[in-house]
Amino acid sequence: MKRTHFWSLALLPLSLVVLAGLPSAAFAQIGAAQTPTGTDVQYRALSTSTSTFTLTTKEKLVIQLVNKQRTSRGLAPVRAHVTLVKAARGHSAEMVHRHYFSHNSYNGTAFSSRLIYYGYKRAGYCSWSAGECIAWGQGLLGTPQAIVSAWMHSPPHRAIILTSRFRDVGVGVHSGSYMGGAFFFTLDFGRRSK
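Residues numbered from 1 in each chain as written. Predicted model: local features only at pLDDT ≥ 70, side-chain atom pairs only at ≥ 80, totals over all residues. Heavy atoms only, no water.

Positive phi, close to 60°, is recorded for His99, a residue that is not glycine. Among the structural elements, His99 can be located in the loop between α2 (82–98) and α3 (111–117). In this structure, Met179 takes a positive phi of about 55° despite not being glycine. Assignment of secondary structure puts Met179 in the loop between β6 (168–175) and β7 (183–193). (Helix = DSSP H or I, 4+ residues; strand = E, 2+ residues; numbered from the N terminus.)

Counting 27 residues, the largest nonpolar core has Val62, Val66, Val148, Trp151, Ile161, Leu187 and Phe189 as its most contacted members. The set of elements that each furnish at least two residues to this core consists of α1 (57–71), α2, β5 (127–137), α4 (144–152), α5 (155–161), β6 and β7. Apart from the residues within four sequence positions on either side, Phe189 is in contact with Val66, Val78, Leu84, Ser129, Ala130, Gly131, Ile160, Ile161, Phe166, Asp168 and Val169. Judged by nonpolar contacts, the second largest core, of eight residues, contains Tyr100, Trp136, Tyr178 and Ala182. (Core = buried A, V, L, I, M, F, W, Y, C linked by side-chain atoms within 4.5 Å. Buried < 20%, exposed > 50% of the residue type's maximum accessible area, 1.4 Å probe, protein only. Contact = heavy atoms within 4.5 Å.)

On inspection of all chains with the given rule, the structure shows three salt bridges. One salt bridge in this structure joins Glu59 and Arg89, with 2.7 Å as the shortest N-O distance. Here the residue Glu59 occupies a position in helix α1, and Arg89 occupies one in helix α2, the gap between them amounting to 30 residues. The class of Arg89 is partly exposed, set by a relative accessible area of 30%. Among the ionic contacts, a cluster of salt bridges with common partners joins Arg114, Glu132 and Asp188. (Salt bridge = Lys/Arg side-chain N within 4 Å of Asp/Glu carboxyl O.)

Bringing the packing of aromatic side chains into the picture now. As enumerated under the stated definition, the model contains seven aromatic pairs in all. When the centroid spacing of 5.7 Å and the interplanar angle of 55° are considered together, the rings of Tyr100 and Tyr106 count as tilted. A relative accessible area of 12% places Tyr100 in the buried class. According to the relative accessible area criterion, Tyr106 is partly exposed, its value standing at 48%. Its guanidinium or amino end placed over the ring of Trp128, Arg122 lies 4.4 Å from that ring's centre, counting from NZ or CZ. Taking the ring centre of Tyr120 as reference, the NZ or CZ of Arg192 above it sits at 4.1 Å. (Phe/Tyr/Trp six-rings, centres within 6.5 Å; stacked < 30°, edge-to-face > 60°. Lys NZ or Arg CZ within 6 Å of the ring centre and 35° of its normal.)

Another aspect to go through is α1. Compared with an ideal rise of 1.5 Å per residue, which puts 15 residues at 21 Å, α1 spans 21 Å between its outermost C-alpha atoms and is within 8% of the ideal. All of the buried residues along α1 are Glu59, Val62, Ile63, Leu65, Val66, Asn67 and Arg70. At its buried positions, α1 is contacted by β4 (79–81), α2, α4, α5, β6 and β7. (Expected span 1.5 Å × (residues − 1).)

Written as structure tokens, this is what we have:
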């Protein structure tokens, strides 16, 4: 039996966590938009240098689809950030292996603490914001296209994806025996400013 996909989101502007589809409207202004780079995925490491990590095909496609939605509305594309990718991958894998579905880690830790743990630190920055969308789906409902489409048809998820201030992104896709081999997606957004 095929199950439909489920999704959830979290948004963290500065220190406010908003769950269950209630994104906050309190955002700082952003600088000039970056020029879109077509369907290529740009990478941002801990410094300004290019990272050596590799995205899976599904992860890369999620970012491309998200950037297509953003750039078609005149927003800057987001770039893969190594620490957000590690955090997203870790969370998707944990949800599959621990058989749960939540923004919080299995031990109850909030998603913002997970991002900080993986290296997306607040210290040294005058502004820090993050948002997260999660989803799972089987078969055709577990493809990057279906998941991003579902998020875009959900006003709270669309609001996070189209948050103009976000510049960094991490995505993790994982599957296992949980939920009949469904794919679990974690999409983490962020921006830090000095």
